[in-house]
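# Breakdown of the fold
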Amino acid sequence: MHTLFNPNILSPSPAPAPQPNPFDLLLRTNSHTLPTSSISAAISASSSYGSSTEYALLTRQQDDQLSESNERPTEPRPYVRRKGHPKILLMGQRRSGKSSIQNVICNKMAPAETLYLESTNTLRTASINSFTEITFSELPSHILASSPEIATPQNYASLGAVLWLIDIQDEYLSTLPSLIQTALFFHTHYPRLHFSVLVHKTDGLSPEYRNEAYREIRQRVQDELSDAGIPEYEIAFYQTSIFDLSIFDAMSKILQGLIPQLPALEALLTRLCSACGMQKTYLFDTASKLYVATDSGPAVLKDYEVCADYVDLIVDIKALYGWQAESKGRMESGEGEESIGESVVTFEKSGEAYVYAREITEHLSLICIMGKGSTADKRVLIDYNVSLLQDAVVEVFKV
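Here is what the cut-offs are and how they apply
- Residues numbered from 1 in each chain as written.
- Predicted model: local features only at pLDDT ≥ 70, side-chain atom pairs only at ≥ 80, totals over all residues.
- Heavy atoms only, no water.
- Pairing = 2+ DSSP bridges.
- Helix = DSSP H or I, 4+ residues; strand = E, 2+ residues; numbered from the N terminus.
- Axes fitted to C-alpha atoms, helices over the stretch in contact; angles between N-to-C directions.
- Salt bridge = Lys/Arg side-chain N within 4 Å of Asp/Glu carboxyl O.
- Buried < 20%, exposed > 50% of the residue type's maximum accessible area, 1.4 Å probe, protein only.
- Core = buried A, V, L, I, M, F, W, Y, C linked by side-chain atoms within 4.5 Å.
- Contact = heavy atoms within 4.5 Å.
- pLDDT = per-residue confidence, 0-100.

## Let's talk about the sheet that holds strand β6 (residues 161-167)
Taken together, 6 strands build an open sheet; the order of strands is β4-β5-β3-β6-β7-β8 and the sheet is mixed. A single partner strand is all that each edge strand has here, and the edge strands are β4 (124-129) and β8 (235-239). Across the sheet, the axes of successive neighbouring strands diverge by a mean angle of 20 degrees, strand direction being ignored. Two elements, β4 and strand β5 (residues 133-138), share 6 bridges in a ladder whose sense is antiparallel. Its bridge partner being in β5, N129 is matched across the sheet by E133.

See the structure below:
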């Protein structure tokens with residue numbers, strides 16, 4: 001193992017350069033722009049010709065295509081970046097679990113205590129103040145998303161994601177018409193919003209019934225959207241429950257779609273995995289146990305559960321040793337605008353894999369599952385690479 005990670009691997013600014021068509025990959029040169037499809041066709045065609053005369057004719061045709069593409073003016077597609085912090089709207093039928101999710105994630109309420117919550121009658125909002133402010137709003141079931149008092153630019157213009165909850169333990173087919181009506185409204189008026197469906201309250205059900213109901217809901221929704229003329233509308237589906245970590249895993253994936261720094265963070269974590277032989281890495285929001293980013297490898301819920309337990313350990317250590325008080329002291333002394341604070345590093349052996357935990361900032365923690373061959377004697381190399389990652393993550397969030 002050797003050091004491949006360096007501090008100069010930051011991705012460009014989250015705002016990409018304007019392109020005429022984001023679905024058409026372009027090969028840009030100093031003075032020409034040619035679609036890759038034309039280049040591929042030219043290469044395949046040139047391999048089939050045998051004489052130099054035919055090859056020269058093909059070259060002239062390619063030059064003519066280049067000149068024509070340069071003469072045609074193209075209107076670049078502007079990049080629109082959502083302003084403000086991530087905002088998520090919870091919707092669904094009565095007693096579908098909207099208030100329970102909001103209180104478990106934002107207020108750290110025990111799942112068993114949510115059984116005594118009262119029904120929501122007005123628009124209710126709760127926030128998580130961490131590396132960025134994350135706002136969860138709950139819309140009562142008797143208020144339609146298209147109602148004039150709710151469908152205002154102040155409520156929907158800065159919204160990032162809409163979540164529709166379905167109680168799988170109830171008559172879930174009766175909520176599908178309202179779901180389709182809401183999806184059509186947001187697709188028509190706010191097409192940039194992320195729309196997701198949470199098949200909720202999956203605890204206590206057999207895997208066979210749960211998976212069958214999940215497939216039926218997903219297939220019916222897709223069929224209804226096709227009949228409405230928008231089969232291309234992308235809706236994400238998740239199976240969730242507040243009595244396990246599936247709700248945190250689903251919310252983490254939804255939150256990642258609202259963070260503009262996600263491509264840079266994924267590139268950093270993937271490079272760290274390849275340099276240190278790590279099996280999986282997560283960048284957690286310490287306060288909420290939502291992971292902000294992970295590497296490009298496949299994610300397994302069991303790995304996330306192990307890492308979430310280590311996040312709880314970091315929270316307990318912070319409360320025990322007064323980490324926040326030391327951070328405020330450094331800020332008052334003027335040692336830096338971004339206080340990193342001390343780190344917590346643990347090496348616990350669990351079977352054949354190690355778990356590595358370290359605080360990146362006051363609000364972010366890095367949890368890694370070490371693969372086979374990443375023994376404890378390579379800890380110096382891992383610490384060095386993680387320290388570079390720490391500086392890079394701070395720079396990414398400053399952009």
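## A look at the pattern of salt bridges
The final tally for this structure, using the stated rule, is 5 salt bridges. Close ionic contact of D312 with K289 constitutes a salt bridge, the shortest N to O distance being 3.6 Å. Of this pair, D312 sits in helix α9 (residues 301-321) while K289 sits in the loop between β9 (278-285) and β10 (290-294), and the two are 23 residues apart along the sequence. Judged by its relative accessible area of 33%, D312 falls in the partly exposed class. The exposure class of K289 is buried, given its relative accessible area of 14%.

## As for the nonpolar core
One finds I101, I105, L198, M251 and I367 to be the most contacted residues of the largest nonpolar core, which totals 66 residues. Of the residues forming this core, the biggest block, 9 residues, is contributed by helix α8 (residues 262-276). Contacts of I101, omitting those with residues within four sequence positions, involve L90, L165, L198, H200, I242, I247 and M251.

## Some remarks on the confidence of the model for the chain
Per-chain confidence: the chain averages 76 in pLDDT, with 69% of residues scoring 70 or above. Confidence drops under pLDDT 50 across residues 4-13; counting only partners more than four residues distant or on other chains, this segment forms 23 contacts. Below a pLDDT of 50 lies the segment residues 18-52, which in the model reaches 43 contacts outside its immediate sequence neighbourhood of four places, other chains included.

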